[in-house]
Amino acid sequence: MAEPNEIGASGFVAPGDPDGPILRLRGVRKSFGTHVVTEVLHGIDLDVHAGEFVALVGPSGAGKSTVLNLVGLLDRPSAGRIWLDGTDTSTLDDAGLTRFRGEKIGFVFQFHHLLPAFTCLENVMMPLLVHRGRPDAEMRDRARDLLVRVGLRDKQDARASDLSGGQQQRVAVARALAMRPPLVLADEPTGNLDTHAADQVFDLLREFNREYRGAFVIVTHDARLAGRCDRIVEIVDGAIRGDSRASM
Amino acid sequence: MRFEVIVALRFLREGRFQTWLTLAGVAVGVGVIVFLSALISGLQERLIENTLGSQPHVVVRPVDEAARRMVEDGADTVVAKVEKAAQRPRTIPDWPLNLARIERVPGIVATSPIAAGAAFAVKGDVSKAVALRGVDPARFDRIVDVTGRLTAGTFRLEGSDAVLGEGLARDLGLGVGDKVRLLTEGGRADVFLVGGVFDLGAKDLNERWVLVSIRNAQTLLNLQEGITSIEARVDAIFEAERRAADIVDRTGLEADTWMQINRQLLVGLKSQIASAVMIQFFGVLAVALGIASVLVVSVVQKSREIGILKAIGTSTGKTMTVFVLQGAILGLAGSALGCLLGAVLAILFRNLALAPDGSPVFPVDLHWTRFVAASVVATAVGIAAAVAPARRAAKLDPAEVIRYG
Ligand SMILES: Nc1ncnc2c1ncn2[C@@H]1O[C@H](COP(=O)(O)OP(=O)(O)OP(=O)(O)O)[C@@H](O)[C@H]1O
Ligand SMILES: [Mg+2]
């Protein structure tokens, strides 16, 4: 728990500072409700550096998904600040948040959330298409490479809805990595999979993390998988209860 | 835009049955608009052509209450009134000057001075009351196309030439080259040579009109150098009243329009136009409702996909564009089908009933502008109808969608 305070309590991170954390939370609070206001997060401080592979654990209802949604810029905190790659995200307007979401963050959701109307290849290409700015061939090649990497070479033209759960989740991993985001967020990515498929997906995430040193934050209830992460952050009742590093 | 187009097309393709139903709805709407408006304007054109083909758009007369009444009462009373009123019809004062003034009125495309009055046509011991009209053939042809409607002979009025309607020719047993005697109230009479016979498509005119040169009419009717009216053609028939008012302003004469002379026809035309507008309005409304409702449903059905797209960085604007594009595509593709449907219906209908001479009983006006207008309107309506559903899509909260899987 000592580390977050080493880089200055103000929380300032110089943009583009290669040694700075990719993600920094300071005093992040979140309340829900208009008439009856319930505070779900009670001041979260957290730093995640490039290349880190973090497990976010805790009992159901502790606020793990809430943290992930805030970090993923799907929602704004009620109080506190979140820095992403050196930028204070509270200074961004909605369009800026959307752009950041596309460029800086890769999501893997529990219910894989692919676009059923599109093929696997198109699903993987989608973040690139939304973002534009690359020639067709390059986007296609990159998406194809990723599908090969996740072991779905012959499924690229299959409709996403025709795949098994484990296969769909591997497509979702490929999609999350299409933009090579500095931060990948996964909310119970293996929650609906059997042990074998869960291992496959987890191994893939781990592999990509080692390969290009993106920061990964993974919510999991699986103690066995959490044990294979570099670092385990435990949230209980909307506050960080523990933060431990695996001895490697 | 490419991303938006790809997603819009894919969403529509996903809709399958829904999309086809909507396309069919738009097509029927546009088809009905095209077909009915083509039919209505075809019928209208036919009606106008039939009526105004043998009528001037504007008739300019000397100021005279009695004469005015005569016109309104119709041709039958002309003879009687003339008998009572005077030896000769009233003439337009200084008509060459007034003719020049009328010609300068904007929107007047042709004018023809007329020397007209009542007369009797006599052949052997048969005699018929006729409307004697002294005209200049070249000028008069531009008001009423007599040359185009000749059934025999030519429309030339030199010397003692006379050209008359086929009804009168039949009644008196006259043909081209025959002689006919014209007799007026004042007891003046002359013998004319039938140079041509016309069919103006109006029984009354075919049985009454006898066209001679202005000079001869002036002599027979004792008009000296005078003429009794100036007939004019305008560029836009529904502007006739305005043109007539201009003429009255500039000449101080009286001017009647086809609209006053054919009140019934005008009422008919106006109600046809009104019904065409109604049909178009409801057609467009149906198209708008069809597109809007399918997109509202689609936004609900696709809310998961929309949430995912937003979570991976799709902006609000792009999300809206995806749905507005769907509206535009439905409108455009639907109207393409609708134009085809409307054209097929119109052609079938036209070929359904043919008059004895082979011309269609129901003429249709399938000008290309009709298709373009219908398509542009349907597409614009599709876009407009898509805006509200698109807004809803753009407002969807991705966090919500993702939480509830
Ligand atoms: N949009 C919301 N409105 C109201 N309450 C919410 C909302 N989102 C989360 N909560 C509440 O916040 C608390 C934390 O929810 P969260 O989903 O973050 O838990 P979690 O740690 O992810 O749990 P689980 O392991 O079951 O997924 C819960 O009590 C939940 O009911
Ligand atoms: Mg959760």
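In this convention, every chain numbers its residues from 1, walking through the sequence in written order. Here every chain gets a letter starting at A, and every ligand a number starting at 1, in the order they are written. Note on the predicted model: pLDDT of at least 70 is required for a residue's local features to be given, and 80 or more for side-chain atom pairs to be given and counted; whole-chain, interface and lining totals, by contrast, use all residues. Side-chain calculation: all heavy atoms of the structure are included, whereas hydrogens and water are not.

Caption draft 1: Molecular detail of the site of ligand 1. Close to ligand 1 lie 13 residues, the nearest being A:Ser60, A:Lys64, A:Ser65, A:Thr66 and B:Arg403. Being near a molecule or strand, for a residue, means having at least one of its heavy atoms within 4 Å of it. Surrounding ligand 1 are residues belonging to chains A and B, so the site spans chains. Any pair of nitrogen or oxygen atoms within 3.5 Å is treated as a polar contact; in protein, a donor-acceptor pairing is required on top of that, and neighbouring residues in sequence qualify only through side-chain atoms on both sides. In the environment of ligand 1, an oxygen atom lies 2.6 Å from a nitrogen or oxygen atom belonging to the side chain of A:Thr66. The dominant element in the shell around ligand 1, judged by the number of residues it contributes, is helix α1 (residues 64–71) of chain A, at three residues. Under the grouping applied here, Gly and all other residues not named as nonpolar or charged are polar, the nonpolar ones being Ala, Val, Leu, Ile, Met, Phe, Trp, Tyr, Cys and Pro and the charged ones Asp, Glu, Lys and Arg. Grouping the constituent residues of the shell around ligand 1 by class yields four nonpolar, six polar and three charged. Under the DSSP-based scheme used, a helix requires at least four consecutive residues in state H or I and a strand at least two consecutive residues in state E, with every element numbered from the N terminus.

Caption draft 2: The interface of chain A and chain B, seen in detail. We call two residues contacting when some pair of their heavy atoms lies within 4.5 Å. Across the contact, 24 residues belong to chain A and 26 residues belong to chain B. Summed over both partners, buried area is the accessible surface (1.4 Å probe) that two parts give up on being assembled. When chain A packs against chain B, the two sides together hide about 2,300 Å² of surface, and 61% of this comes from carbon and sulfur. Summed over the three residues of chain A that lose the most area to chain B, namely A:His113, A:Phe118 and A:Val130, the buried surface amounts to 24% of that side. Whenever Lys or Arg places a side-chain nitrogen within 4 Å of a carboxyl oxygen from Asp or Glu, that contact is recorded as a salt bridge. Where chain A touches chain B, the interface holds three salt bridges.

Caption draft 3: Spatial organisation of helix α5 (residues 165–177) of chain A. Compared with the 18 Å implied by 1.5 Å per residue over 13 residues, the 19 Å span of α5(A) between its first and last C-alpha is a close match. Residues of α5(A) that are buried include every one of A:Gly166, A:Gln167, A:Gln168, A:Gln169, A:Arg170, A:Val171, A:Ala172, A:Val173, A:Ala174, A:Arg175, A:Ala176 and A:Leu177, and no others. Expected helix span is given by 1.5 Å per residue-to-residue step, counting one fewer step than there are residues. Three labels apply to residues, based on accessible area from a 1.4 Å probe with only protein chains included: buried if under 20% of the type maximum, exposed if over 50%, partly exposed otherwise in between.

Caption draft 4: Seen up close, the pairing of strand β9 (residues 229–234) of chain B. All names here are of chain B. Summarising burial for β9: five of the six residues are buried, a large majority. Any two strands are treated as partners once DSSP identifies two or more bridges connecting them. Direction of pairing for strand β1 (residues 58–61) relative to β9: antiparallel, over a ladder of three bridges. Paired with valine 59 across the two strands is glutamate 231, which belongs to β9.

Caption draft 5: Examining the sheet that holds strand β5 (residues 87–88) of chain A more closely. Residues and elements named next belong to chain A. Pairing is antiparallel in the open sheet, where four strands are placed in the order β2-β1-β4-β5. Either end of the sheet is taken by a strand with one partner, and the two such strands are β2 (38–48) and β5. Here two bridges tie strand β4 (residues 79–84) to β5, and the two strands are oriented antiparallel to one another. Each residue of the ladder has a partner; that of leucine 84, found in β5, is threonine 87. Axis definition: a line fitted to C-alpha atoms, over the contacting stretch in the case of helices. Angles run 0 to 180 degrees between N-to-C directions. Against the sheet, α1 touches β1 (23–32), β2 and β4, its axis set at about 120° to β1.

Caption draft 6: Quick look at the confidence of the model for chain B. Residue and element names in this part refer to chain B. Counting all residues, the mean pLDDT for chain B is 87, and 93% of those residues have values of 70 or more. On a range of 0 to 100, pLDDT expresses the predictor's confidence in each residue. In the model of chain B, helix α4 (residues 76–85) stands out as the element of lowest mean pLDDT, 49, in contrast to strand β8 (residues 209–212), which has the highest, 95. Across residues 80–85 the pLDDT falls below 50, and counting only partners more than four positions away or on other chains, this stretch makes four contacts in the model. Taken over the whole predicted complex, pTM reads 0.74, whereas the ipTM for its chain interfaces reads 0.86.

Caption draft 7: Molecular detail of the pairing of β2(A). Residues and elements named next belong to chain A. Here eight bridges tie β1 to β2, and the two strands are oriented antiparallel to one another. The residue of β2 that forms the bridge with lysine 30 is leucine 41. Taken together, β1 and the strand that follows it, β2, pair antiparallel across an intervening segment of five residues, in which glycine 33 is found at a positive phi of about 95°.

Caption draft 8: Structural detail: the side chain of B:Arg243. Here B:Arg243 is to be found in helix α10 (residues 240–251). Look past the residues within four positions of B:Arg243 in its chain and what remains in contact with it is B:Val105, B:Pro106, B:Gly107, B:Ile108, B:Val234 and B:Asp235.

Caption draft 9: Quick look at a nonpolar patch on the surface. Each patch is built from residues that are more than 30% exposed by relative accessible area and take part in no salt bridge. Like charges join if they lie within 9 Å; nonpolar side chains (Val, Leu, Ile, Met, Phe, Trp, Tyr) join within 5 Å. Only the protein chains shown count as cover for residues, and all accessible areas are computed by the Shrake-Rupley method using a 1.4 Å probe. A cluster of nonpolar residues, B:Met278, B:Phe281, B:Phe282, B:Leu285 and B:Leu289, forms a patch on the protein surface that exposes about 510 Å² of accessible area. Mapped onto the elements, B:Leu285 comes out in helix α12 (residues 263–301).

Caption draft 10: Summary view of the domain arrangement of chain B. Residue and element names in this part refer to chain B. Under the domain assignment used here, chain B contains domain 1 (3–51 + 266–403) and domain 2 (95–261). At the interface, five residues of domain 1 touch five residues of domain 2. Of the roughly 410 Å² buried between domain 1 and domain 2 on both sides combined, carbon and sulfur atoms contribute 81%. Considering only the side of domain 1, the residues that lose the most area to domain 2 are Ile48, Leu266 and Leu269, jointly responsible for 70% of the buried surface there. There are zero salt bridges connecting domain 1 and domain 2. Counting across the interface, domain 1 meets domain 2 through zero residue pairs in polar contact (both at pLDDT 80 or more). For the side of domain 1 that touches domain 2, the secondary-structure elements that each account for two or more residues are α2 (17–52) and α12. By residue class, the composition of the side of domain 1 that touches domain 2 is four nonpolar, no polar and one charged. Reported domain spans reflect what an automatic or database domain assignment gives.

Caption draft 11: Local environment of the packing of aromatic side chains. Aromatic pairing here means that ring centres of Phe, Tyr or Trp (its six-membered ring) are within 6.5 Å. Orientation follows from the plane angle: under 30 degrees is stacked, over 60 is edge-to-face, and everything else is tilted. One pass over the structure, following the stated rule, counts eight aromatic pairs over all chains. When the centroid spacing of 5.6 Å and the interplanar angle of 35° are considered together, the rings of A:Phe53 and A:Phe216 count as tilted. In this pair, A:Phe53 sits in strand β3 (residues 53–57) while A:Phe216 sits in strand β8 (residues 215–219), placing the two residues 163 residues apart along the sequence. Residue A:Phe53 is classed as buried on the basis of its relative accessible area of 0%. With a centroid separation of 5.9 Å and 75° between ring planes, the pair formed by B:Phe238 and B:Trp258 is classed as edge-to-face. In this pair, B:Phe238 is assigned in the loop between β9 and α10 and B:Trp258 in helix α11 (residues 258–261), connecting sequence segments 20 residues apart. A residue is classified by how much of its surface remains accessible, and B:Trp258, at 0% relative accessible area, is buried. Aromatic rings pair up to connect A:Phe53, A:Phe202 and A:Phe216 into one cluster. Whether a charge sits over a ring depends on NZ of Lys or CZ of Arg being within 6 Å of the ring centre and within 35 degrees of the ring normal. The positively charged end of A:Arg206 is found above the aromatic ring belonging to A:Phe53, 4.4 Å away from the centroid.

Caption draft 12: Quick peek at the nonpolar core. If you look at the biggest cluster of nonpolar residues, it comprises 81 residues, and the most contacted ones within it are A:Met126 and B:Phe323. If we ignore the near neighbours within four places in the chain, the residues touching A:Met126 are A:Leu115, A:Phe118, B:Phe3, B:Val7, B:Leu309 and B:Ile312. Of all hydrophobic cores here, the second largest spans 47 residues; its members include B:Val180, B:Val212, B:Ala217 and B:Leu220. Here, nonpolar core refers to any group of buried Ala, Val, Leu, Ile, Met, Phe, Trp, Tyr and Cys residues whose side-chain atoms link them within 4.5 Å.

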